[in-house]
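Report on the structure
In case you want the letters, here they are:
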Amino acid sequence: MAWGMSFERDAEHDVVTATFTDCILATDEDVQRWRRDVEAQFAKFNGRVDLLINLDGLIVRHTAGRTFGKVRREVLERNTHRSYRYGGDDTTLVFINTSGAIDGAAVNHFATREEALAALLAEREGLRKRGFTPFLPGVISSKR
């Protein structure tokens, strides 16, 4: 299969799910390609979104890990309210966890989409109960 990704809106839960196919990041150039492609996907949503990321199909090699961590944080800060992950291979998860510690990027990793979605919705509800709503109900995104 060839490199690919899709970002699909789940209207019921007001969340976007990102999926990857054979996105293998082995070089800094691969990471920059990933950034361009991901930014193009986010452009479809007219603002920041809540994001679920299926890490299956996204492979981060040790040769691109440091760059990926920095770029991942920048992309998520610019395009998401919150993000939760599921799936993925062990090496990619190491880089996700490491970049969370080094670059301050959210880790929020779960075994399944259902667990990740439940955690995202619980965070959203907790914020709502405290009187903070960073998004408009029923709208996939809004600017803060």
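Above: the structure in question.
In this text the structure is predicted, and so the values were computed from the model without any measurement.

**Examining the side chain of R35**
Within the fold, R35 resides in helix α1 (residues 28-42). According to the relative accessible area criterion, R35 is buried, its value standing at 18%.

**Quick word on the pairing of strand β6 (residues 80-86)**
Within β6, 7 of the 7 residues are buried, which leaves the element mostly enclosed by the surrounding structure. As judged from the 2 bridges shared by β6 and strand β7 (residues 109-110), these two strands associate in the parallel manner. By the bridge assignment, Y86 is partnered in β7 with F110.

**Observations concerning the packing of aromatic side chains**
Across all of its chains, the model carries 4 aromatic pairs by this definition. Centre to centre, the rings of F7 and F42 are 5.1 Å apart; their planes meet at 80°, and the pair counts as edge-to-face. Taken together, the positions of F7 in strand β1 (residues 4-10) and F42 in helix α1 put the pair 35 residues apart, joining distant regions of the chain. The burial state of F7 is the same as that of F42; both residues are buried. The rings of F7, F20 and F42 are connected pair by pair, giving a single aromatic cluster. Across from the ring centre of W3, 4.0 Å away, lies the NZ or CZ of R33, which sits over that ring.

**Examining empty space enclosed by the protein**
The full count for this structure, using the stated rule, is 1 cavity of 30 Å³ or more. Volume-wise, the largest cavity comes out at about 110 Å³. For the lining of the largest cavity, the secondary structure elements donating two or more residues are β2 (15-21), α1, β4 (49-54) and α2 (65-79). It is α2 that contributes the most residues to the lining of the largest cavity, 4 residues altogether. By residue class, the composition of the lining of the largest cavity is 14 nonpolar, no polar and 2 charged.

**Overview of the sheet that holds β2**
Taken together, 5 strands build an open sheet; the order of strands is β1-β2-β4-β6-β7 and the sheet is mixed. The open sheet has two free edges, formed respectively by β1 and β7, since each of these has just one partner strand. For β1 and β2, the ladder comprises 7 bridges, and the chain directions are antiparallel. Counted as the bridge partner of G4 is T21 from β2. Its contacts with the sheet place α1 against β1, β2, β4 and β6, and it is angled at close to 25° to β1.

**As for the packing of α1 against α2**
Close contact between α1 and α2 brings their axes to 10 Å; oriented N to C, the two are set at 10°. Here α1 lies roughly parallel to α2, going by the angle between them. Considering the relative orientation of α1 and α2, their crossing is right-handed. Contacts between α1 and α2 pair D28, V31, Q32, W34, R35, V38, E39 and F42 from the former with T67, F68, V71, R72, E74, V75, R78 and N79 from the latter. In terms of residue class, the contact of α1 with α2 is built from 7 nonpolar, 3 polar and 6 charged.

**Examining the pattern of salt bridges**
By the definition in use, this model includes 10 salt bridges. We note a salt bridge from D50 to R82, for which the minimum N-O separation is 2.6 Å. Of this pair, D50 sits in strand β4 while R82 sits in strand β6, and the two are 32 residues apart along the sequence. An identical accessibility class is assigned to D50 and R82; each is buried. Between R128 and E125 there is a salt bridge, and its shortest N-O distance comes to 2.4 Å. Of the two residues, R128 and E125 are both situated in helix α4 (residues 113-129); the distance of 3 residues between them amounts to about one turn of the helix.

Definitions and limits used
- Residues numbered from 1 in each chain as written.
- Predicted model: local features only at pLDDT ≥ 70, side-chain atom pairs only at ≥ 80, totals over all residues.
- Heavy atoms only, no water.
- Helix = DSSP H or I, 4+ residues; strand = E, 2+ residues; numbered from the N terminus.
- Buried < 20%, exposed > 50% of the residue type's maximum accessible area, 1.4 Å probe, protein only.
- Pairing = 2+ DSSP bridges.
- Phe/Tyr/Trp six-rings, centres within 6.5 Å; stacked < 30°, edge-to-face > 60°.
- Lys NZ or Arg CZ within 6 Å of the ring centre and 35° of its normal.
- 1 Å grid on protein atoms, 1.4 Å probe; cavity = no way out; pocket = protein on both sides within 12 Å on 5 of 7 lines; lining within 4 Å.
- Points joined across faces, edges and corners; volume = space filled by probe spheres on them.
- Nonpolar A, V, L, I, M, F, W, Y, C, P; charged D, E, K, R; others polar.
- Contact = heavy atoms within 4.5 Å.
- Axes fitted to C-alpha atoms, helices over the stretch in contact; angles between N-to-C directions.
- Parallel < 35°, antiparallel > 145°, perpendicular 65-115°, else oblique.
- Left-handed = near helix turned anticlockwise from the far one by under 90°.
- Salt bridge = Lys/Arg side-chain N within 4 Å of Asp/Glu carboxyl O.

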